Amino acid sequence: MAKKVKITLVKSVIGQKPEKKATVRSLGLKKLNSSVVQEATPAILGMANAVAHLVKVEEAE
């Protein structure tokens, strides 16, 4: 079974560049404090790292 991570949007995307907004949206996050559980693939972790100032990443069960 693949490792999972929980990604939570903790800062608003208002005022961010369109690329950052698109990255947050492609992670599956819509509103502030919304969370998603994703598999910890290199692509997902890379996207989360690109918007690390907007999201919180933690291990999920």
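All of the points below concern the structure found in this document.

Rules and cut-offs
- Residues numbered from 1 in each chain as written.
- Predicted model: local features only at pLDDT ≥ 70, side-chain atom pairs only at ≥ 80, totals over all residues.
- Heavy atoms only, no water.
- Helix = DSSP H or I, 4+ residues; strand = E, 2+ residues; numbered from the N terminus.
- Rg over C-alpha atoms; globule rule 2.2 N^0.38 Å.
- Buried < 20%, exposed > 50% of the residue type's maximum accessible area, 1.4 Å probe, protein only.
- Contact = heavy atoms within 4.5 Å.
- Areas by Shrake-Rupley, 256 points an atom, 1.4 Å probe, with all protein chains shown as cover.
- Lys, Arg positive; Asp, Glu negative; His and termini not counted.
- Charge placed at Lys NZ, Arg CZ, Asp CG, Glu CD.
- Polar contact = N/O pair within 3.5 Å; in protein donor to acceptor, adjacent residues only side chain to side chain.
- Core = buried A, V, L, I, M, F, W, Y, C linked by side-chain atoms within 4.5 Å.
- Salt bridge = Lys/Arg side-chain N within 4 Å of Asp/Glu carboxyl O.

Turning our eyes to something else, we now look at the overall build of the protein chain. Each helix and strand counted, the protein chain has 2 helices and 3 strands in total. Starting at the N terminus and walking to the C terminus, you meet the elements of the protein chain as β-α-β-α-β. Radius of gyration (C-alpha) of the protein chain: 11 Å, near the 10 Å computed for a compact globule of 61 residues. Relative to its 61 residues, the protein chain shows a buried fraction of 25%. Counting only contacts in the protein chain whose residues sit at least 6 apart along the sequence, the fraction spanning at least 24 positions is 71%. By element, 55% of the accessible surface of the protein chain is carried by carbon and sulfur atoms, the whole surface being about 4200 Å². Each charge class in the protein chain was averaged separately, 11 positive and 5 negative side chains, and the resulting centres sit 10 Å apart.

Let's shift gears to the side chain of T23. In this structure, T23 sits in helix 1 (residues 18–26). With residues near it in sequence (within four places) discarded, T23 still touches M47 and V51.

Within the fold, Q38 resides in strand 2 (residues 35–39). Taking the C-alpha atoms as reference points, Q38 and A48, 10 residues apart in sequence, are found 11 Å from one another. For Q38, the residues in contact, after removing those within four places along its chain, are K3, K4, V5, I7, L27 and I44. Among the polar contacts made by the side chain of Q38, one reaches the main-chain carbonyl oxygen of L27 at a distance of 2.8 Å.

Let us look at the nonpolar core. Grouped together as the largest cluster of nonpolar side chains are 12 residues: V5, I7, L9, V24, L27, L29, V36, I44, A48, V51, L54 and V55. Where this core is concerned, the elements lending two or more residues are strand 1 (4–9) and helix 2 (42–50). Per-element tally for this core: the top contributor is strand 1, with 3 residues. Not counting chain neighbours up to four residues away, the residues in contact with V55 comprise I7, T8, L9, V10, L29 and A48.

Counted according to the given criterion, the structure contains 1 salt bridge. For K3, the salt bridge goes to E59, with nearest N and O atoms at 3.7 Å. Note that K3 is positioned in the segment before strand 1 and E59 in strand 3 (residues 55–60), a separation of 56 residues in sequence. Relative accessible area serves as the criterion here: at 53%, K3 is assigned to the exposed category.

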